[in-house]
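Okay, here's what each chain looks like letter by letter:
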Amino acid sequence: MEHYHEKLGKILFRSTLTNYVMILLKLFTQIITFKILVIDLGKDNYGFYTLLWYVFGYTLLLDFGFGTTMQKYSADVTVTNDYENYNKQANTIFCLYCMLSLVILGFTIFGTIFLDKLFVIKKPENLTYYRNVFLIFGLLTTLQYPLGAFQEILRGLKRFDLLNYVNFCSTIIFLSGIILILKVFKGSVLSVSIFVLLVNLSTNIAAAVISYRLIPYFKLSFRYFKLRNIKEIGHFPLFAYIITMANVIIYRTDPIVLGSMLGMAQVTIYEIGKKVAVMLDMISTQFQSTLAPVAASLFKAGEDDKLRTVLVKSNKMTAYISTGFFLCFLILAKPILQVWVKADNDLSFSVAYIMLTSFYIKIMFTSASAKFLLMAGRHKVLSVITMLEAVSNIVLSVILVWHIGLLGVAFGTLIPTVFFGFFVIFPIAASFGRIPLKDYFLKVYIPVFLISLPTIVILLAGRIFIPEHAWNISTLIAIGLPAGLIYFLMGAFVYANQEEREELMKLLPLDYLYSGMNSNGDGNKKD
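The structure displayed is predicted, hence computed values, not measured ones.

K.L.:
Would you take a moment to explain the confidence of the model for the protein chain for this structure?
P.N.:
Parts of the model with low pLDDT should not have their predicted coordinates read in detail. For the protein chain, the average pLDDT comes to 82, and 81% of its residues sit at 70 or higher. For the protein chain, per-element mean pLDDT is lowest for helix 23 (residues 509-520), which scores 41, and highest for helix 6 (residues 127-144), which scores 94. Every residue in residues 1-9 is under pLDDT 50, and counting partners more than four places away or in other chains gives 22 contacts. In the model, residues 506-527 has pLDDT below 50 throughout and makes 31 contacts with residues more than four positions away in sequence or in other chains.

In structure tokens, the structure reads:
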């Protein structure tokens, strides 16, 4: 294959570099577009727009592991060059996606008809308009759903760089389009929804064109589809799918509960507060993306001592990164939201504090430990725990919303996160790795708290001595920048020892990719 005559190291370098560029671009885009959407659409319309994404986000549950399977088959064909068999496999999956898209179509029709029964719409005059938006949103989602398979093909071909180039262009178009539609043309929920979904559709089409160019003899044809192929395709990792399903429920249910019980405006208030927690998660968990492949390879090689070392070091690095941003976001949450989206509702600030704490606990005690258990063959117990957390989240959210209103969904997320993360997943991972809990606290959590004290003092001083009306972008930078710089220096010269500073480069994605390439000879993942 022509494109694979390049040195794989160059491809992996571009993939890693463009991954980090995309993270920065997405953060910048979210900061700009979130403010525009909230202010220009208004609370009711933005709440409904948000619900659309959460509701149709459940289409992830229709994947059934086929995306991962498509990645595997695409990776295999770069080695085997068996294009006839690949066409059978890829077309079978694509046809299954087309069939599953009919489920989305059916739900779209059902939801359009019974929209007023599914959600609280306090302004009856908006019902017909919302139904039209829901219908068009669902039809475009149905259309683009099967084409998402082509992004999985590019991932399987290890061409994350090309996929990132496409996503980079689509993100720029998305940002520019949102600004034009709302600021220049004074658009609506309908125009924004159509535009965003068409951008997503174009992204998938571009991925399809690139896939055709990368894979010779690749064809889409129903003649390749055979029912007997479904049995082979159907052997997907059930427990990994259960974990994915549970996480979708945990992170996408709260706004739906609010929309069905309290109305659209409450969804917007909740989303404003939650946004800083989402930003914390985006920034803090990027380092953990390298943990899964490292843990898998070490477990398969039977190097248990190294696996335990990786777990401790990963938790230590995660604690360092997440704690610094958590403190800044937590202490400065109110002025950040006031400056960012002109937030003036105390409920949004309360949601921010609760959800920041929830995400921080999950990042500190669950994320790395869960990846460790998943890749170390403990996927069954992890799937049970995650599903129990998801069920607890839904039940508590519904009960608490009924009794205390909007904050109920935030507490409904926080309570299971603390219980299952701190008291279940984290101890199980420590026990499985034969790492005493006291070692974690002595080596990871107590030191990171101690080096945080100077940063906490600076941030609190800013909140105490700067009046609320005086906060703006300049004051946020004036307080946040020195606080962050001192935290960084404390981490580099106090929290990390000399050995860890030297080994840090070995834990970074680029170093891992090159070392993985060298260990396998050709850089391909081996079963």
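From this point, things continue past the structure.
K.L.:
What should I look at first to understand helix 13 (residues 264-284) in this one?
P.N.:
Note that an α-helix has 3.6 residues per turn; residues three or four places apart therefore point the same way. Taking 1.5 Å of rise per residue, the 21 residues of helix 13 would be expected to cover 30 Å, and the 30 Å separating its terminal C-alpha atoms lies within 8% of that figure. Taking the largest bend as the criterion, helix 13 deviates by roughly 35 degrees, centred on K274. Taken across its 21 residues, helix 13 has 16 buried, putting it largely inside the fold.

K.L.:
I tried to follow the packing of aromatic side chains on my own but got confused; where do I start?
P.N.:
The description of two aromatic rings rests on the distance between their centres and on the angle between their planes. All told, the structure shown has 31 aromatic pairs when counted by the stated rule. Between Y46 and Y49 the ring centres are 6.4 Å apart and the planes differ by 40 degrees, which places this aromatic pair in the tilted class. With a gap of three residues between them, Y46 and Y49 both fall in helix 2 (residues 43-56), about one helical turn apart. Here Y46 matches Y49 in class, with each residue buried. Here the aromatic cluster, defined as three or more aromatic residues joined through ring pairs, consists of F34, Y46, Y49, W53, F56, F107, F134, F137 and W340.

K.L.:
Whenever I open this one, the side chain of T112 confuses me. Can you help?
P.N.:
Inspection of the secondary structure assignment puts T112 in helix 4 (residues 83-113). Among the residues examined, T112 registers a relative accessible area of 12% and is labelled buried. If sequence neighbours within four positions are ignored, T112 has contacts with R131, F134 and L135.

K.L.:
In this structure, what is going on with helix 8 (residues 160-184)? I would like to understand it.
P.N.:
Between the first and last C-alpha of helix 8 there are 34 Å, a value that for 25 residues agrees with the 36 Å anticipated at 1.5 Å per step. Immediately beyond the C-terminal end of helix 8, within one or two residues, lies K186, with a positive phi of roughly 55 degrees.

K.L.:
Whenever I open this one, the state of the cysteines confuses me. Can you help?
P.N.:
Two cysteines whose sulfur atoms are joined by a covalent bond form what is called a disulfide. Here the structure, examined in full by the defined rule, presents zero disulfides. Left unpaired, C98 is separated from the closest cysteine sulfur, that of C95, by 6.0 Å. By relative accessible area, which is 25% here, C98 ends up partly exposed.

K.L.:
Would you mind showing me how to read the nonpolar core here?
P.N.:
Nonpolar side chains in soluble globular proteins tend to end up buried together. One finds F48, Y86 and I178 to be the most contacted residues of the largest nonpolar core, which totals 138 residues. Every residue in contact with I178, bar those within four places of it in the chain, is listed here: T33, I36, L37, K183, V192, F195 and V196.

K.L.:
Can you help me understand the environment of V55 in this one?
P.N.:
With respect to the helices and strands, the residue V55 is situated in helix 2. By relative accessible area, V55 is classed as buried at 11%. For V55 and R252, which are 197 residues apart along the polypeptide, the C-alpha to C-alpha distance reads 7.7 Å. Not counting the four nearest positions on each side in its chain, V55 is found in contact with F107, F119 and I256.

K.L.:
In this structure, what is going on with the packing of helix 7 (residues 149-156) against helix 9 (residues 189-214)? I would like to understand it.
P.N.:
The axes of two packed helices give the description: the angle between them and the distance between them. Put simply, helix 7 and helix 9 touch, their axes get as near as 8 Å, and they point 45 degrees apart. With respect to each other, helix 7 and helix 9 are oriented oblique. Viewed along their axes, helix 7 and helix 9 form a crossing whose handedness is left-handed. From helix 7, F150, Q151, I153 and L154 reach across to helix 9, where they touch T203, N204, A207, A208, I210, S211, Y212 and L214. For the contact of helix 7 with helix 9, the per-class residue count stands at eight nonpolar, four polar and no charged.

K.L.:
How should the pattern of salt bridges be read in this particular structure?
P.N.:
When the charged atoms of two side chains lie near each other, side chains of opposite charge can form a pair. Following the criterion strictly, the structure yields six salt bridges and no others. Among the salt bridges present, the one from D116 reaches R131, with a minimum N-O distance of 3.3 Å. Taken together, the residues D116 in helix 5 (residues 115-118) and R131 in helix 6 connect sequence positions 15 residues apart. D116 sits in the partly exposed class, given a relative accessible area of 32%. The exposure class of R131 is partly exposed, given its relative accessible area of 24%.

Reading the values: rules and limits
Residues numbered from 1 in each chain as written. Predicted model: local features only at pLDDT ≥ 70, side-chain atom pairs only at ≥ 80, totals over all residues. Heavy atoms only, no water. pLDDT = per-residue confidence, 0-100. Helix = DSSP H or I, 4+ residues; strand = E, 2+ residues; numbered from the N terminus. Contact = heavy atoms within 4.5 Å. Expected span 1.5 Å × (residues − 1). Bend = angle between axes of the 7 residues up to and from the residue. Buried < 20%, exposed > 50% of the residue type's maximum accessible area, 1.4 Å probe, protein only. Phe/Tyr/Trp six-rings, centres within 6.5 Å; stacked < 30°, edge-to-face > 60°. Disulfide = S-S within 2.5 Å. Core = buried A, V, L, I, M, F, W, Y, C linked by side-chain atoms within 4.5 Å. Axes fitted to C-alpha atoms, helices over the stretch in contact; angles between N-to-C directions. Parallel < 35°, antiparallel > 145°, perpendicular 65-115°, else oblique. Left-handed = near helix turned anticlockwise from the far one by under 90°. Nonpolar A, V, L, I, M, F, W, Y, C, P; charged D, E, K, R; others polar. Salt bridge = Lys/Arg side-chain N within 4 Å of Asp/Glu carboxyl O.

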